[in-house]
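Summary of the model geometry
The primary structure of each chain is shown beneath.
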Amino acid sequence: MLWTRWLVLLLCWGATSGEPKADERTSTPAEVRSDSRRQRSPPPVEPLDFGFVPAAVYDTHAYYEPGAIGILFHVVHAFLYAVQPHSFPKDLIVKVIQQNMGGIKIEEWRKPENVVLLLQWAYYQAGFLICSTVGILFVVLTPIIGMCFCVCRCCENCGGEMHQRQRKNTDCQRGFYTASLIATTVFIVLGVLIAHAANHNVSLHIKSTRRLINTNLRDLRTFANNTPAQIEYLTAQYTTAKNKVLSELDNIGPLLGGRIHSQLEKEVVPSLDTALRMAGAMRETKEALESVGSSLEILQEGTIKLKTSLSDERASLSNTLSDPACTNGAVSHTCNTIRSTVPQLGASADFTKLPDVRHAVVNVNNVLGTDLSNIVQKGYSSFNDTPRLVKDQTKNIVSGVKGMLDKIGTEINNFAKMFPVEPSLANFTNFLNQQQKSIESYYPQIDQMDFYRWIGCVAVLCMVVLVLAFNVLGLLCGICGYDKQATPTTRGCLSNTGGNLLMAGVGFSFIFAWVLMAIVATLFVVGGNTEKLLCEPLANRQLFKIIDTPYLVHPAKKNFLPGMLFQNPNIDLTIGTMYRDCYENNGLYHALQLETMFNINSFLNRTVYNRDLAKVFEGIQVDLQDVTLLEQAGRDNLINFANSGIGHIDYENYLAEVNKGVTLVDLLSFSADLEAQADQLPRGALENALKGHASSIRQIHREHVVPMEQAMSTLSQSIRQLQRMSNDLPVKVTNILSAIDAAEYLITHNASHVVKQETKGYIGTLVGYFKQYTQWVKNSLTAEVAQCKPISNIVDSMEIVGCSFIIDSVNTFWFGLGGCSILLLPSIILSIKLAKFFRRMDTEDVFEDGQENWN
């Protein structure tokens, strides 16, 4: 039986037995745990696809539907329940087994505890005892009564006198006896048919029994042949986890470096973005300064021209108003009004006093000589180069891990090859083949024994059929040959033959009845108790509870099954749990709790993710000292920009001049008012002169004021833009440099915490793939590898063959035959009574003087 041990050890490989015990490596201080809650959660592990374990297809369908005869089976079960209504005596049987473990001795039955058990057993078997007693009395008394009856009849007593008294209700009695005998005969025929159907049902299912045997053995071979392929598939799927880990290691730069980059960019990228925006602000400052310079030149030149034009226009207008025509009383008021507005023709803003911004423009141009944007982009590139930096620094570690993973795969394969799988399974298959041949060699003997059994049952039924034949023939002859006009002494031959046949049936009934009842009583006791004590508890699994009772077979052995299989009765393994797991088609490793013999989880923890591999992973170090966010040239550029002088520009003076406007009065409004007042004057040279001045003022507005207003608008926008940019510019530059310094300090000094955190998450991802593999192995062995459905099928097949095929048929047989045996008693009485009305009598009653004398 060495191959069986190898097979069990083989099945041990490939499963996990539960959660591993807490290890010191996994323990975490309270302060670290509290800090980890503030850290971001690690990324979810990508689920791996290990495929499907090659499934075994079993052919046995351990299910039986009896069909029409099932109605008879239910009737018999109901009868047995009426005889034995008590529930299964589990506790009683357990006590009997435990108290008589050392063997039953007669003197020990006198002990009080055994007497109590005996009384409890008698109470449980009360129904069977009563029925058995009735059967025994029937067997004993029937031949005695038959012998006495025959002797009595020979002495012409007990109805043996061939004389029939004439009574008024003779026809009524004959009809009653005839009908009763016919009904009794019909019920006996029904009992014969029931018994014959049960007898035939046994022979009919012999072939089904062979089919169940063949399919169960074939399923066991399938189980043996598929198990190594399934285990090999489990070991091969380590490659899936390994390849995924290798893929993650090959991409350690984008993965681990990307995680580190994503964590640091929260501090780094904003500082670089601020510096990049400041580079853009420099260019905008230059453009604004240039715009201020050009606008200021236009305004200064325009101011001079405007002042000259307005001065000339004032002088000309004053000369016109000095005309004698303005002294006329009707015109003088209008001329005086116009004369009072002439001083308003003047420039308001004087841009010639504003300082230029050439010095600031020169400084800004010098600052822009250094391309700050390019320097910042270098900082971006240096920081974004973190994945490549991680890949280069972990190159040796990655190669070492790859070598260790290959070594682990080799260890797993070597471990699986330690067991002689093929020879063990070959021996098991040969054993099954030999057992099948051995079983098939008994098929002819079984067929022969079944034939003899069938003949014997038919012979028993023929006893009843013989009695039925005499009853039926007697009834036919008696009924057909009966003549109402004939007297008892003149009855015909056919009627007399019917009576004789009925009496012959009575004789055979006395001969066969006790034999039939002896057979019925024997089968009733055996079949009925087998049904109640074996088949019913097997169907509702109460029988398993008896076998699984702790300390049943020995006071020091808790469980029977593990003690028999593993010589360790303390394992919590029962037949009930094993059958339930196998019925659900779970794996044999789970059903037999083989983890108690070999903890595959510990093996996988030692092999798949061992201490050496953990140390290698923990040795991953990433140094970011080479990352430079902003070169010194960029820093100097920012400082020079802050000191470029744009903050010293007198923005308030600029804005004050811009807000004054170009002229003291709106020239268009002034010219319009001038024309309106000229219209009030009489037509003549004065009116025309004033209108000419209005036209000249409009021309001055168009040629000088409009361009200056446009230049002032541009100057206002540029000045305000420069004012905003220069507002706290040194502070802004200082903040930018401080943010960059803080980011560089974080990278060069404090990045180790981020690196450790992200490295831990990255390692957790890699370990997660191995955990997926071990968990998949555990789940596969629980439900898919070495599925032990054939074991539960064997139990169910034994129940079908033993109980459904044999015991139910045997119980139905004695039920039908017992009914026939009991009905033979009324058949005897009715046949004796009815034969008096059919047989020819030797004497009869004589009537004198035509008077009927009814006695």
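In this text the structure is predicted, and so the values were computed from the model without any measurement. Residue positions are given per chain, counted from 1 along the sequence in the order it is written. Restriction of local features to residues with pLDDT of at least 70 applies here, the model being predicted, together with a cutoff of 80 or more for giving and counting side-chain atom pairs; totals for whole chains, interfaces and linings are based on all residues. The side-chain numbers reported here are obtained from all heavy atoms of the structure, hydrogens and water having been left aside.

This part covers the overall build of the protein. Where helices and strands are cited, they refer to DSSP runs of H or I of at least four residues and of E of at least two residues respectively, numbered from the N terminus. Tallying secondary structure elements over the protein gives 30 helices and two strands in all. The buried label goes to any residue with under 20% of its type's maximum accessible area, the exposed label to any with over 50%, and the partly exposed label to all in between, with areas taken from a 1.4 Å probe on protein chains only. Burial status across the protein gives 45% buried among its 855 residues. By the convention used here, residues are in contact when the closest approach between their heavy atoms is within 4.5 Å. Residue pairs in contact within the protein that sit at least 24 positions apart in sequence constitute 90% of those at least 6 positions apart. Values of accessible area rely on a 1.4 Å probe in the Shrake-Rupley scheme; residue burial ignores everything except the protein chains shown. With an accessible surface of roughly 43,800 Å², the protein has 58% of that area assigned to carbon and sulfur atoms.

In this section: the packing of aromatic side chains. Stacked, edge-to-face and tilted labels apply to pairs of Phe, Tyr and Trp rings (six-membered ring for Trp) whose centres lie within 6.5 Å, assigned for plane angles under 30 degrees, over 60, and everything in between, in that order. What the rule picks out here adds up to 18 aromatic pairs. On the numbers, 6.4 Å between centres and 20° between planes, the contact of Tyr-238 with Phe-770 is stacked. On the criterion of sequence distance, the pair formed by Tyr-238 in helix α9 (residues 238-250) and Phe-770 in helix α29 (residues 729-783) is long-range, its members being 532 residues apart. Comparing Tyr-238 with Phe-770 shows no difference in burial state: the two are buried. Pairing Phe-451 with Tyr-452 gives two aromatic rings, centres 6.1 Å apart and planes at 55°, and the pair type is tilted. Criterion for a charge above a ring: Lys NZ or Arg CZ within 6 Å of the ring centre, and within 35 degrees of the ring normal. When the ring centre of Tyr-583 is taken as origin, the NZ or CZ atom of Lys-789, which lies over that ring, is 4.1 Å away.

Where helix α17 (residues 443-481) meets helix α18 (residues 493-539), the axes come as close as 8 Å, and the angle between the chain directions of the two elements is 160°. Taken together, the axis directions place α17 and α18 in an arrangement best described as roughly antiparallel. Here the hand of the crossing between α17 and α18 comes out left-handed. All residues other than Ala, Val, Leu, Ile, Met, Phe, Trp, Tyr, Cys, Pro, Asp, Glu, Lys and Arg, Gly among them, are scored as polar; the first ten of these are nonpolar and the last four charged. Across the contact of α17 with α18, the residue classes tally to 18 nonpolar, eight polar and no charged. Think of each axis as a best-fit line through the C-alpha atoms, taken over the contacting stretch in the case of a helix, with angles from 0 to 180 degrees between the N-to-C directions. Roughly parallel covers angles under 35 degrees, roughly antiparallel covers those over 145, roughly perpendicular covers 65 to 115, and oblique covers all other angles. Two helices cross in a left-handed way if the nearer one is turned anticlockwise from the farther one by less than a right angle. They cross in a right-handed way if the turn is clockwise.

All right, on to the nonpolar core then. The set of buried Ala, Val, Leu, Ile, Met, Phe, Trp, Tyr and Cys residues whose side-chain atoms join them within 4.5 Å is what this entry labels a nonpolar core. Leu-249, Leu-405 and Trp-776 are the most contacted members of the largest nonpolar core, which totals 69 residues. If one sorts the elements of this core by residue count, α29 sits on top with 16 residues. Counting residues in hydrophobic clusters, the runner-up holds 45 residues, among them Val-292, Val-357, Leu-667 and Leu-686.

Right, let's talk about the pattern of salt bridges for a bit. Think of a salt bridge as a Lys or Arg side-chain nitrogen and an Asp or Glu carboxyl oxygen that are within 4 Å of each other. Scanning the model with the defined rule gives six salt bridges in all. Residue Arg-541 pairs with Glu-799 through a salt bridge whose shortest N-O separation is 3.6 Å. Placement of the pair is Arg-541 in the loop between α18 and α19 (542-547) and Glu-799 in helix α30 (residues 789-838), with a sequence separation of 258 residues. A relative accessible area of 16% means that Glu-799 is categorised as buried.

So, on to α30. One turn of an α-helix holds 3.6 residues; hence residues three or four places apart share an orientation. For α30, spanning 50 residues, the distance from its first C-alpha to its last is 68 Å, which sits close to the expected 74 Å at 1.5 Å a residue. In α30, a bend of some 30° at Ile-807 exceeds every other bend along the element. Under the convention used throughout, the expected extent of a helix is 1.5 Å for every residue step, that is, one less than its residue count. What we call the bend at a residue is the angle made by axes fitted to the seven residues finishing there and the seven residues starting there.

For α18, with 47 residues, the first-to-last C-alpha span of 60 Å runs short of the 69 Å given by 1.5 Å per residue. Directly after α18, the chain includes Arg-541, whose backbone phi takes a positive value near 65°.

Let us now look at the state of the cysteines. When the sulfur atoms of two cysteines come within 2.5 Å, that pair is taken as a disulfide. Scanning all chains against the criterion turns up two disulfides. Sulfur-sulfur distance for the disulfide between Cys-535 and Cys-803 comes to 2.1 Å. Note on the Cys-535 and Cys-803 pair: the S-S dihedral is about -95°, so by sign convention the disulfide is left-handed. Here the residue Cys-535 occupies a position in helix α18, and Cys-803 occupies one in helix α30, the gap between them amounting to 268 residues. Comparing Cys-535 with Cys-803 shows no difference in burial state: the two are buried.

Take a nonpolar patch on the surface next. Put simply, a patch holds well-exposed residues, over 30% relative accessible area, that have no salt bridge, with like charges counted together within 9 Å and Val, Leu, Ile, Met, Phe, Trp or Tyr side chains within 5 Å. A contiguous nonpolar surface patch, about 540 Å² in accessible area, is contributed by Ile-136, Leu-137, Val-140, Leu-141, Ile-144 and Ile-145. Looking at the secondary structure, you find Val-140 in helix α6 (residues 126-154).

On to the packing of helix α8 (residues 206-236) against α17, then. Their axes nearest at 12 Å, the elements α8 and α17 cross at an angle of 155°. If you check the angle between α8 and α17, you find them roughly antiparallel. Relative to α17, the crossing made by α8 is right-handed. Packed against α8, whose contacting residues are Ile-206, Arg-210, Ile-213 and Asn-214, the element α17 presents Tyr-443, Asp-447 and Asp-450 at the interface. Considering only residue class, the contact of α8 with α17 consists of three nonpolar, one polar and three charged.

Below, the discussion takes up the confidence of the model for the protein. Summing up the model confidence of the protein, the mean pLDDT is 76 and the portion of residues at 70 or higher is 79%. Per-residue pLDDT, averaged within each element of the protein, yields its smallest value for helix α2 (residues 30-36) (35) and its largest for helix α3 (residues 69-83) (92). Note that pLDDT drops below 50 for residues 1-40; the model gives that stretch 74 contacts with residues more than four away or on any other chain. Long-range and interchain partners of residues 847-855, a stretch whose pLDDT sits below 50, account for 10 contacts in this model, where long-range means more than four residues apart. Here pLDDT means the predictor's own confidence in every residue, given as a number from 0 to 100.

Turning next to the side chain of Asn-811. Of note, Asn-811 is situated in helix α30. Judged by relative accessible area, Asn-811 falls into the buried class, the value being 0%. Reaching out from Asn-811, the side chain makes a polar contact with the backbone oxygen of Gly-527 at a distance of 3.4 Å. Beyond its immediate chain neighbours, meaning those up to four positions away, Asn-811 contacts Val-76, Leu-80, Leu-523, Gly-527, Gly-528 and Glu-531. Think of a polar contact as two N or O atoms within 3.5 Å of one another; within protein, one of them needs to be a possible hydrogen donor and the other a possible acceptor, and neighboring residues in sequence only count if both atoms come from side chains.

Positive phi, normally seen in glycine, also occurs at Arg-541, with a value near 65°. Although it is not a glycine, Asn-585 sits at a positive phi angle of roughly 65°. Within the fold, Asn-585 resides in the loop between α21 (575-583) and α22 (588-591).

Looking now at the environment of Thr-133. Among the secondary structure elements, Thr-133 is positioned in helix α6. In this structure Thr-133 comes out as partly exposed when scored by relative accessible area, which is 43%. Sequence separation between Thr-133 and Ala-521 is 388 residues, and the spatial gap between their C-alpha atoms is 9.1 Å.

Here the focus is the side chain of Gln-84. Along the chain, the position of Gln-84 falls in the loop between α3 and α4 (90-99). Since its relative accessible area comes to 0%, Gln-84 is described here as buried. When near neighbours in sequence (up to four residues on either side) are disregarded, Gln-84 contacts Tyr-124, Gln-125, Phe-128 and Lys-532.

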